[in-house]
There are 2 protein chains.
Amino acid sequence: MVTIKDVAKETGVSPSTVSRVIADNPRISPDTKQKVREAMERLGYHTNIHARNLVAKSTKAIGAIMPSSANKALQNPFFPEVLRGIGSVIHERQYSLTLSSGETEQEILEEVQRMVFGSYVDGLILLYSRVEDPVVAFLEERDFPYVMIGKPFDRLEEITHVDNDNFMAGKQITNHLIARGHEKIAFIGGSKDLFVTRDRESGYLAALADADLPHHEDYVIHTEFLKSGGKEAVEQLLSLPIRPTGIVVTDDLMSLGVLSTLEESGVQVPGDISLVSFNNVYLSEITRPALTTVDINIYELGAQSARALIERTVDKTIPPKRIIVPYTIIYRGSVKEYP
Amino acid sequence: MVTIKDVAKETGVSPSTVSRVIADNPRISPDTKQKVREAMERLGYHTNIHARNLVAKSTKAIGAIMPSSANKALQNPFFPEVLRGIGSVIHERQYSLTLSSGETEQEILEEVQRMVFGSYVDGLILLYSRVEDPVVAFLEERDFPYVMIGKPFDRLEEITHVDNDNFMAGKQITNHLIARGHEKIAFIGGSKDLFVTRDRESGYLAALADADLPHHEDYVIHTEFLKSGGKEAVEQLLSLPIRPTGIVVTDDLMSLGVLSTLEESGVQVPGDISLVSFNNVYLSEITRPALTTVDINIYELGAQSARALIERTVDKTIPPKRIIVPYTIIYRGSVKEYP
DNA sequence: CTGTTAGCGCGTTCAC
DNA sequence: GTGAACGCGCTAACAG
């Protein structure tokens with residue numbers, strides 16, 4: 001391994017001078033810099049991060065924490081996409097990205113502790129937002145830099161987070177259905193404990209209220225993500241005396257399940273029932289019909305969180321902030337004028 | 001930050017003793033160990049990896065390298081799934097996982113160099129296999145531990161890699177179609193430069209030959225992954241004077257495109273055309289009809305590669321090996337007896 | 001502008 | 001069984 005000393009010897013300067021050249025210290029003469037850089041190149045010098053980190057107390061690395069049920073979570077195209085966003089800025093800033101997951105909550109907490117205490121990383125991105133998350137508690141207690149994708153359970157103003165305006169998105173996409181003549185609109189969401197669900201649901205309700213449309217409790221269903229959930233939800237909906245003509249689904253993956261169950265039941269989409277969805281994951285343009293869905297800009301969610309985090313790790317005094325990533329509605333074939 | 005010295009002071013022993021306790025050195029008396037461990041606990045000691053790595057020359061970290069077109073690649077559910085597999089053993093062995101990607105080939109090569117030279121990681125997993133990969137060349141030249149998922153371009157015996165028996169899988173799944181009475185069977189694969197495609201195609205051809213079925217060149221189509229490719233392929237197939245009654249598709253994602261295009265064209269699956277696919281990504285049970293597909297055990301692909309890599313990093317003298325992960329055929333609804 | 005010195009936190013001799 | 005001393009590769013004062 002070529003060290004700073006080797007380069008120093010080769011150039012006839014001291015190790016610290018070489019170090020300064022690496023840091024591009026302005027007080028080093030251009031000549032020396034030139035000379036040293038040539039030698040580094042020639043010898044194939046590369047700085048050893050561990051030596052650097054040991055003294056510099058900064059790792060230029062950040063960690064991404066997966067939800068505990070990494071099992072199911074990673075099935076959602078959402079994650080690769082956030083990772084892609086995070087990766088892009090990580091790469092651009094010459095940082096490293098450490099991925100961390102665990103089967104249980106306890107495991108992931110331990111992982112996080114290991115990373116924090118061992119100073120593996122300068123900061124953490126939480127790829128999920130849970131109620132009463134011990135990881136958050138730990139991070140807060142240690143005052144360790146982190147940002148969260150989604151909405152914090154509490155202390156909204158104290159935790160830097162990156163989110164969409166899910167209320168507005170929910171409202172707007174519901175309005176789309178209303179504008180197309182639909183009056184009996186159902187809502188299928190994930191767990192009530194998730195803020196995404198809550199916010200989108202509130203938006204949905206607001207849209208109904210604004211349009212003076214009645215709100216049937218039977219039309220709001222909370223279920224698990226993925227097919228099973230989607231199927232159950234649809235079955236419930238179809239068994240109702242008065243079927244909805246439009247459905248708002250909070251996740252493309254769920255929509256997939258909804259779609260297939262609908263088709264199995266001989267219900268045409270959008271002929272009999274119109275569907276709008278969320279996320280605009282690649283799936284949504286592949287289904288038949290392609291989904292009208294809210295593009296929440298997952299990539300940006302990742303990129304912004306990485307930016308915010310790096311900012312914070314560089315300057316710890318930067319106050320926490322909330323970043324709202326704009327959404328766009330992508331109109332495709334799953335909605336039809338009613339009747 | 002609590003260091004080894006603090007613990008030493010607290011316990012009244014020397015730093016080296018503490019160090020030995022951490023390493024669980026057998027020559028330390030149980031009493032001292034007990035005492036020291038209590039102090040570590042009490043003080044909240046955690047070893048600083050950078051200091052450790054600096055002297056130990058091992059990082060207990062491995063890196064996963066994404067394909068250069070991380071853009072598209074991450075859209076395939078394949079990746080999250082391998083990552084999940086890798087993550088599980090990483091976690092189990094208390095290693096860390098660093099994710100690395102880049103837009104261009106050049107960028108990813110630079111990333112790899114940075115990781116290798118800066119001794120960020122003990123080894124690397126290549127999540128893709130490309131022809132004439134400069135990354136492989138670099139790694140070989142430096143004799144840096146790595147394993148590849150898929151099949152190496154050359155030097156098969158010198159590169160540790162984890163793969164499926166794609167030839168047999170291709171043959172067997174084609175045989176399934178044949179056994180169900182199909183004789184006009186088409187093949188839709190990805191780029192010819194990919195070994196996955198080649199191997200599966202060879203298997204397909206072998207099955208045809210074994211059954212004395214004629215092989216039409218028009219029935220073999222190479223195209224890009226994802227919808228566009230799938231659509232084009234299907235369009236070509238449908239325009240043929242004699243349409244196939246069965247199709248072998250090498251990727252579930254492609255199958256999705258194939259399916260939808262078929263439906264758009266009013267062709268029933270499996271009524272008119274039967275479909276078999278590869279990967280058994282969650283998608284395949286969601287589509288309508290659900291896909292009969294080869295489960296290549298992506299998770300295992302990841303887990304095994306991580307195991308093999310860690311083994312190699314621990315003992316560099318371990319000879320390269322090829323690991324074949326078994327596949328299973330999952331029978332679902334996309335195949336029907338012909339006629 | 002540049003060299004010298006002194007650690008960063010830990011593991012590893014080599015003594016005792 | 002345990003301590004003292006040294007060095008891993010690098011950066012950061014302090015000199016000059």
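On a predicted model such as this, the values are computed, not experimentally measured, just so you know.

How each quantity is defined
- Residues numbered from 1 in each chain as written.
- Chains lettered and ligands numbered in written order.
- Predicted model: local features only at pLDDT ≥ 70, side-chain atom pairs only at ≥ 80, totals over all residues.
- Heavy atoms only, no water.
- Salt bridge = Lys/Arg side-chain N within 4 Å of Asp/Glu carboxyl O.
- Buried < 20%, exposed > 50% of the residue type's maximum accessible area, 1.4 Å probe, protein only.
- Helix = DSSP H or I, 4+ residues; strand = E, 2+ residues; numbered from the N terminus.
- Near = heavy atom within 4 Å.
- Polar contact = N/O pair within 3.5 Å; in protein donor to acceptor, adjacent residues only side chain to side chain.
- Nonpolar A, V, L, I, M, F, W, Y, C, P; charged D, E, K, R; others polar.
- Pairing = 2+ DSSP bridges.
- Axes fitted to C-alpha atoms, helices over the stretch in contact; angles between N-to-C directions.
- Right-handed = clockwise from strand over helix to strand, strands pointing away.
- Domains from an automatic or database assignment.
- Buried area = accessible area lost by both parts, 1.4 Å probe.

Peer 1: I'm lost on the pattern of salt bridges in this one. Help?
Peer 2: A side chain with one charge may pair with a side chain of the opposite charge, provided their charged atoms come close. All names here are of chain A. Enumeration over the complete set of coordinates arrives at 28 salt bridges over all chains. Notably, a salt bridge pairs aspartate 24 with lysine 33, separated by 3.0 Å at the nearest N-O pair. Since its relative accessible area comes to 12%, lysine 33 is described here as buried. For aspartate 24, the salt bridge identified is with arginine 37, shortest N-O distance 3.0 Å. Here aspartate 24 is found in the loop between helix H2 (15-22) and helix H3 (30-43), whereas its partner arginine 37 is found in helix H3, with 13 residues between them in sequence. A relative accessible area of 45% places aspartate 24 in the partly exposed class. Where salt bridges share partners, they join Asp24, Lys33 and Arg37 into one cluster.

Peer 1: How do you make sense of the protein's contact with DNA strand D when you look at a structure like this?
Peer 2: Inspection of the region around DNA strand D gives 26 residues, with Ile4, Tyr45 and Arg52 of chain A together with Thr17 and Arg20 of chain B positioned closest. Take the atoms of DNA strand D that sit within 4 Å of the protein: sugar and phosphate atoms are 70% of them. Contacts to DNA strand D include arginine 20 of chain B, whose side-chain N or O atom sits 2.4 Å from a base oxygen. Between DNA strand D and the protein, one listed contact pairs a sugar or linking oxygen with a backbone N or O atom of arginine 27 of chain B at 3.4 Å. Among the secondary structure elements, those contributing two or more residues to the surface near DNA strand D are helix H1 (4-11), H2 and helix H4 (49-56) of chain A together with helix H2 (15-22) and helix H4 (49-56) of chain B. Tallying contributions element by element places H4 of chain A first for the surface near DNA strand D, with 4 residues. Of the residues belonging to the surface near DNA strand D, the class tally is 9 nonpolar, 11 polar and 6 charged.

Peer 1: What exactly am I supposed to notice about the sheet that holds strand S12 (residues 328-330) of chain A here?
Peer 2: Strands belonging to one sheet form pairs held by backbone hydrogen bonds; the direction of such a pair is parallel or antiparallel. All names here are of chain A. Spatially, 6 strands are ordered S7-S6-S8-S9-S10-S12 in an open sheet, and the strand pairing comes out mixed. The open sheet has two free edges, formed respectively by strand S7 (220-222) and S12, since each of these has just one partner strand. When the angles between neighbouring strand axes are averaged without regard to direction, this sheet yields 15°. Inspection of the sheet shows strand S6 (residues 185-189) paired to strand S8 (residues 246-249) by 4 bridges, in the parallel sense.

Peer 1: Help me out: how do you make sense of the pairing of strand S9 (residues 274-278) of chain A in this one?
Peer 2: The side chains of a regular strand alternate, residue by residue, between the two faces of the sheet. Residues and elements named next belong to chain A. In terms of residue burial, S9 counts as a mostly covered element, since 5 of its 5 residues are buried. With burial as the criterion, each face of S9 is covered, one bearing Ser274, Val276 and Phe278 and the other bearing Leu275 and Ser277. In this fold, the crossover linking S8 to S9 by way of helix H12 (residues 252-264) has right-handed handedness. With 3 bridges joining them, S9 and strand S10 (residues 292-295) adopt parallel strand pairing. Looking at the pairing, serine 277 lines up with threonine 293 of S10.

Peer 1: Would you mind going over the domain arrangement of chain A with me for this structure?
Peer 2: One widely used convention gives an interface's size as the accessible area the parts lose upon coming together. Residues and elements named next belong to chain A. For chain A, the assigned domains are domain 1 (61-164 + 299-326) and domain 2 (166-296). Just the C-alpha atoms count here: the centres of domain 1 and domain 2 sit 29 Å apart. Both sides of the domain 1 and domain 2 interface together cover about 1100 Å² of buried area, and 54% of this is carbon and sulfur. Summed over the three residues of domain 1 that lose the most area to domain 2, namely Pro77, Lys151 and Asn164, the buried surface amounts to 41% of that side. Here domain 1 is connected to domain 2 by 1 salt bridge. Where lysine 151 meets aspartate 199, a salt bridge forms, and the shortest distance between an N and an O atom there is 2.8 Å. Taken together, the links from domain 1 to domain 2 amount to 4 residue pairs in polar contact (both at pLDDT 80 or more). Residue composition of the side of domain 1 that touches domain 2, grouped by class: 8 nonpolar, 4 polar and 3 charged.

Peer 1: What exactly am I supposed to notice about the protein's contact with DNA strand C here?
Peer 2: The immediate surroundings of DNA strand C are formed by 26 residues, with Ser16, Thr17 and Arg20 of chain A together with Ile4 and Tyr45 of chain B found nearest. In the environment of DNA strand C, a base oxygen lies 2.3 Å from a nitrogen or oxygen atom belonging to the side chain of arginine 20 of chain A. Between DNA strand C and serine 19 of chain B, the relevant distance is 3.1 Å, taken from a phosphate oxygen to a side-chain nitrogen or oxygen of the residue. Counting only elements with at least two residues in the surface near DNA strand C, the list comes to H2 and H4 of chain A together with helix H1 (4-11), H2 and H4 of chain B. The element contributing the most residues to the surface near DNA strand C is H4 of chain B, with 4 residues. Residue classes in the surface near DNA strand C are distributed as 9 nonpolar, 11 polar and 6 charged.

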